[in-house]
Structure formats: C-alpha cells, structure tokens
Amino acid sequence: WQKWVQDTLPMQRLDHSADDGAFDEHHQGWYDGRYAALVVPRLVAARLWHDRIDADPRCLEEAATRAMAFVLRRQRPDGQLDLGGAYSPNEAGFPVPALARAYRGLRAMNSQWSGELAQMIQRYLRGAGEALLAGEAYTSNHRWAASCGPLAAIHALFPDERYRRKIAYYLADGIDCDADGCWFEERSVGYNNVANHGLIVLADHLGEPRFMDHVVRNLRFMMFQIQPNGEADTSFSVRQDRGCP
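What you see as residue numbers is a count from 1 along each chain, following the sequence as written. Only residues with pLDDT of at least 70 get local features here, since the model is predicted, and only at 80 or more are side-chain atom pairs given and counted; chain-wide, interface and lining totals rely on the full set of residues. Note that water and hydrogens are dropped before the side-chain values are worked out from all heavy atoms of the structure.

**Focus: the overall build of the protein**
Segments assigned H or I by DSSP are reported as helices when at least four residues long, segments assigned E as strands when at least two residues long, and all are numbered from the N terminus. Counting its secondary structure elements, the protein contains 10 helices and two strands. In the protein, the succession of α and β elements from N to C terminus is α-α-α-β-β-α-α-α-α-α-α-α. Taking 2.2 N^0.38 as the reference for a compact globule, 245 residues should give roughly 18 Å; the C-alpha atoms of the protein span a radius of gyration of 19 Å, in line with that estimate. Taken over the C-alpha atoms alone, the protein extends approximately 50 × 45 × 35 Å along its principal axes. Classification of residues uses two cut-offs on accessible area relative to the type maximum, computed with a 1.4 Å probe and protein chains only: under 20% is buried, over 50% is exposed, and between them is partly exposed. The burial tally for the protein puts 52% of its 245 residues in the buried class. Any two residues whose heavy atoms approach within 4.5 Å at even a single point are treated as in contact. Across the protein, the fraction of contacts at a sequence separation of at least 24, relative to all contacts at a separation of at least 6, is 68%. Entry remark: accessible area of the protein is about 12,200 Å², with carbon and sulfur atoms responsible for 52%. Considering the protein, the positive charge centre built from 27 side chains and the negative charge centre built from 32 side chains are found 4 Å apart. In this treatment the radius of gyration is a C-alpha quantity, and the globule benchmark scales as 2.2 Å times the residue count to the 0.38 power. Surface accessibility follows the Shrake-Rupley procedure with a 1.4 Å probe radius. Residue values consider only the protein chains on display as shielding. In this tally, Asp and Glu contribute negative charge and Lys and Arg positive charge; neither His nor the terminal groups of the chain are included. Charge positions are represented by NZ for Lys, CZ for Arg, CG for Asp and CD for Glu.

**Observations regarding the side chain of arginine 74**
Looking at the secondary structure, you find arginine 74 in helix H3 (residues 57–74). What qualifies as a polar contact is a pair of N or O atoms within 3.5 Å, subject to a donor-acceptor requirement within protein and to the restriction that residues adjacent in sequence count only when both atoms come from side chains. Separated by 3.2 Å, the side chains of arginine 74 and aspartate 19 make a polar contact. Apart from residues no more than four positions distant in its own chain, arginine 74 is found in contact with Asp19, Tyr31, Asp32, Gly33, Gln80, Leu81, Asp82 and Tyr87.

**A closer look at helix H2 (residues 33–48)**
Working rule for helices: expected span equals 1.5 Å times residues minus one. Its 16 residues place the ends of H2 23 Å apart at the C-alpha level, agreeing with the 22 Å of an ideal helix rising 1.5 Å per residue. When you tally the buried positions in H2, you get 12 out of 16 residues, the bulk of the element. Burial in H2 covers these residues: Gly33, Tyr35, Ala36, Ala37, Val39, Val40, Pro41, Leu43, Val44, Ala45, Ala46 and Arg47. Buried residues belonging to H2 abut helix H1 (2–8), H3, strand E1 (81–83), helix H5 (96–109) and helix H6 (112–134).

Right, dumping it as structure tokens:
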C-alpha cells in the first residue's frame, strides 16, 4: 500500500488543464475517467488510515479531490464514463462499489474536506445510476460487475425501486454459472474474478447470501485450473485471453 501511494501520487497531472487531477495509468499520455474513478477510493482509504503509511494527509486529500473533480468533468450529463476514449454506462458502473465504500468512510469522518468530497462522490454515483438504468450490459460479466452490483451499492445509499427493478431484469436471465462453477464466458482467472466480485457486491448490499454459492463454486473450479508451474489454464476461456499465460 505504501508503494502504491508513492508510485501513484507522482503520476497525477497538476497543471490546471482539462486533465488536471487525472493519472497516466500506462505512461502513454492518455487519461481515462474510469481509471481516475478507481483511484479515488484508494486515495480515500489511504487518507482514512494514513497513520499506517508514510504519507502527508493533506497531500492525499488534495489528490483525491482533484481526481474526483476530473472524474466529474469526464462524466457525461447522462452519467456515462470513458475508457480508452469510448463512453459507456458500463465504465461508469465498474468504480461504483469502491466509491460507495469511500462515500461511507467520508461521511463517518465528518470533516469539511470529507463532507465536500462525499458530495462530489454522491453526484457521480447518482449520475452513474441513471446511466446504468438507461443502458445495457455489453458482456455477461458486465451484468454483475458493471450493473447489478453497482446498482445494489447505490440503492443501499440512496434507495430507489428503479434500481431493484433493473437488477431483477438481469437476474431474470439466470446466473450463468454452471453446476461445476464454470461461468458461461468468463472462464479465465481475470474474468472469473470480475464476475465473482459483482455477485459478492450484490450479495452484500441486497443481503442475499445465496449469490455467494456461485462464487464459492467458481473458486473451487479455479483451484483445479492451477497448473504445476503456478499458472491458471485459460483454454476454457472463449474471450481474447484464450491460451495466454
């Protein structure tokens, strides 16, 4: 965690441009709204537990505020967010669970800075909720990690029956994890974890542990995918990572 803070803070753009507050994730001169939205809750966590790492609390506060301001500038009026230059409701949804946790932590902190940042995050969450209600999942894992889980997290903070109805809309398709714990499409370790995380968030915020049955089943399945050299077999995957180490 200490190394992450030390590596991340110098990456932030501080030039009062349109990209002020953003982070160059791949050191290619490109700034994504989704990446910044994922960094904000980590900075908030670092600030909440700053006594455990060597970091100036004021620097963490400024970095989180500037990053969130960038995210809000990048978020479209319809709530969508960008990744790689393309906007979608799904990219707006992925950072929501972590930002919802950051929001709770900030509200409990009860300072001027935390109150102001919490308001900024609330604005993002409500906008992302509207995008998710209007949009559709692009892939099977998006239903859980980019839509249902995020909608459940927003609903827990700002109850709205429209969120529950959208979740029920996706659940009506059934959960695409078979009896062996194999997801329909997300069969590599990376995509398994994405789908699993969505169901964990859904179970937590709706108070329905039955969703965890699929997660446990898949984790057991993944244990059997580990090869003698420590890599996971990806030949089950039908996505672009098929056959890659």
